[in-house]
Amino acid sequence: MRLARRHDLSAVVALTADAYAPYTPIFGGPPIPVTEDYTPRIERGEVWLLEEGSELAGLIVLERHPDHAMIFSVAAAPAFQGKKLGIKLLNFADQQARSWGVPEVRLYTNSRMERNIALYSAFGYRETGRRANPYRPGWTVVDMAKPVGKAT
């Protein structure tokens, strides 16, 4: 794992678009991470890259808050999906949260991403609520949280 740098921007954008592409027809539009401007996130040190050999295999966007870490996006390149990279990335989020001294990792996802919700639940996240997406009418956000260090 390494922090993304400015020269990684195009790779971050491309991997994110590729990883979330299957959801665009389901949602009727691109998921929020696909439309995100990653330049400020890279500058703030929120984008971490997982490389396998010389290839970018996945990434996680992790925000530091005073009382929690917030996962904005977890994405695996299509060629690397199904190889448990999501688990590596979620473990990394736990490690970072622990190093920051915060007690909890939070995330939110679209209610239609049922497979992802099941994965997060199996990893120890619990649903904390559902709400209308303020930026996308008709979309429902599922909020989830996990105490740092909870066994998976």
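About the criteria used
Residues numbered from 1 in each chain as written. Predicted model: local features only at pLDDT ≥ 70, side-chain atom pairs only at ≥ 80, totals over all residues. Heavy atoms only, no water. Helix = DSSP H or I, 4+ residues; strand = E, 2+ residues; numbered from the N terminus. Expected span 1.5 Å × (residues − 1). Contact = heavy atoms within 4.5 Å. pLDDT = per-residue confidence, 0-100. Phe/Tyr/Trp six-rings, centres within 6.5 Å; stacked < 30°, edge-to-face > 60°. Buried < 20%, exposed > 50% of the residue type's maximum accessible area, 1.4 Å probe, protein only. Lys NZ or Arg CZ within 6 Å of the ring centre and 35° of its normal. 1 Å grid on protein atoms, 1.4 Å probe; cavity = no way out; pocket = protein on both sides within 12 Å on 5 of 7 lines; lining within 4 Å. Points joined across faces, edges and corners; volume = space filled by probe spheres on them. Nonpolar A, V, L, I, M, F, W, Y, C, P; charged D, E, K, R; others polar. Arc of directions from axis to C-beta.

Visitor: Would you mind going over helix α5 (residues 85–100) with me for this structure?
Guide: Three- or four-residue spacings in an α-helix give side chains the same orientation, since the helix completes a turn every 3.6 residues. Here α5 spans 22 Å end to end across 16 residues, near enough to the 22 Å set by a 1.5 Å rise per residue. Tucked inside the fold, the buried residues of α5 contact β2 (47–52), β3 (55–64), β4 (69–76), β5 (104–110), α6 (114–122) and β7 (140–147). At the exit of α5 stands Gly 101, carrying a positive phi of roughly 75°.

Visitor: Help me understand the confidence of the model for the protein, please; the structure alone is not making it clear to me.
Guide: As a note on interpretation, predicted positions should not be read in detail where pLDDT is low. Taken residue by residue, the protein gives an average pLDDT of 93. The fraction at 70 or more is 97%. When mean pLDDT is compared element by element in the protein, helix α4 (residues 38–43) scores highest at 98, while helix α2 (residues 23–27) scores lowest at 88.

Visitor: What's the story with the packing of aromatic side chains in this structure? I'm lost.
Guide: By convention here, two paired aromatic rings are described through the distance between centres and the angle between planes. Tallied over the full model, the rule gives six aromatic pairs. Aromatic side chains Tyr 23 and Phe 27 sit 5.7 Å apart centroid to centroid with 25° between the ring planes, which places their arrangement in the stacked category. Here Tyr 23 pairs with Phe 27, and both are found in helix α2, just four residues apart, close to one helical turn. Considered together, Tyr 23 and Phe 27 belong to a single accessibility category, that of buried residues. Taken together, the aromatic side chains of Tyr 23, Phe 27 and Trp 139 make up a single cluster linked through ring pairs. Between the NZ or CZ atom of Arg 41 and the centre of the ring of Phe 72, over which it lies, the distance is 4.1 Å. Positioned above the aromatic ring of Tyr 108, the side-chain terminus of Arg 131 is 5.8 Å from the ring centre.

Visitor: Even after reading the chapter, I still don't get the layout of surface pockets, so can you show me in this structure?
Guide: In this approach, a probe sized like a water molecule rolls over the atoms, and the result shows the empty space that is left. Of the volumes computed, that of the largest pocket is approximately 890 Å³. Lining the largest pocket are 40 residues, and of these Tyr 20, Tyr 23, Val 74, Asn 116 and Tyr 120 sit closest to its centre. When contributions to the lining of the largest pocket are tallied by element, the ones reaching two or more residues are α1 (9–20), α2, α3 (32–35), β4, α5, β5, α6 and β7. Counting residues per element, the lining of the largest pocket draws most heavily on β4, which supplies six residues. Split by residue class, the lining of the largest pocket holds 27 nonpolar, nine polar and four charged.

Visitor: What exactly am I supposed to notice about α1 here?
Guide: Look at α1: 17 Å from first C-alpha to last across twelve residues, which is about the 16 Å you get at 1.5 Å a residue. Turning to α1, its buried residues number three or more, namely Val 12, Leu 15, Thr 16, Ala 19 and Tyr 20. Burial along α1 is one-sided: seen end-on, the buried residues are contained in an arc of 115°. At its buried positions, α1 is contacted by α2, α3, α4, β2, β3 and β4.

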